[in-house]
Amino acid sequence: MACYESIFILRSSLADEEAEAVIEKMKNALTKHGATIVKADNWGKKKLAYEIKHDRRGTYILLQFESANENVVSELERLYRLEDSVIKFLTVRVEEEAFQEVAAEQGESEGGGVQ
């Protein structure tokens, strides 16, 4: 299975409920096309390095997922282009070793670490 990371930026003018609806829409599209979501993280609103579509701030979202289907990335990026609230996105394929290290670190942080 191939491992992917996708980061997209939403308009800062979106309410939290609207942003969550867009995130759920993207997650549902991934699962519909056979991908398993490893991590979905909302990084919050941050200042952009430069103005994009008249916006100076944006809400950053990270999706990490695995899929054996090569078409899942093209379908996800097609949905990004159709969604007006997405102002920028980037999807990359990640080496499995790095992906497993992130999953292990996440498991340690949830487990409580040192007692």
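Residues numbered from 1 in each chain as written. Predicted model: local features only at pLDDT ≥ 70, side-chain atom pairs only at ≥ 80, totals over all residues. Heavy atoms only, no water.

A.B. asks: Quick question: what am I supposed to make of the pattern of salt bridges here?
C.D. replies: Pairing between side chains of opposite charge can happen when their charged atoms approach one another. In the structure shown here, the tally under the stated rule is five salt bridges. Here Glu24 ties to Lys27 by a salt bridge, and the two come within 3.3 Å at their closest N and O atoms. On the criterion of helical spacing, the pair formed by Glu24 and Lys27 is a turn pair, its members being three residues apart in helix H1 (residues 16–32). Its relative accessible area of 36% is what places Glu24 among the partly exposed residues. Judged by its relative accessible area of 22%, Lys27 falls in the partly exposed class. One salt bridge in this structure joins Arg56 and Glu51, with 3.8 Å as the shortest N-O distance. (Salt bridge = Lys/Arg side-chain N within 4 Å of Asp/Glu carboxyl O. Helix = DSSP H or I, 4+ residues; strand = E, 2+ residues; numbered from the N terminus. Buried < 20%, exposed > 50% of the residue type's maximum accessible area, 1.4 Å probe, protein only.)

A.B. asks: Hey, could you run me through unusual backbone geometry in this one?
C.D. replies: Residue Lys53 is not a glycine yet carries a positive backbone phi of 50°. Tracing the backbone shows Lys53 in the loop between strand E2 (36–52) and strand E3 (55–67). Although it is not a glycine, His54 sits at a positive phi angle of roughly 65°. Its location among the elements puts His54 in the loop between E2 and E3.

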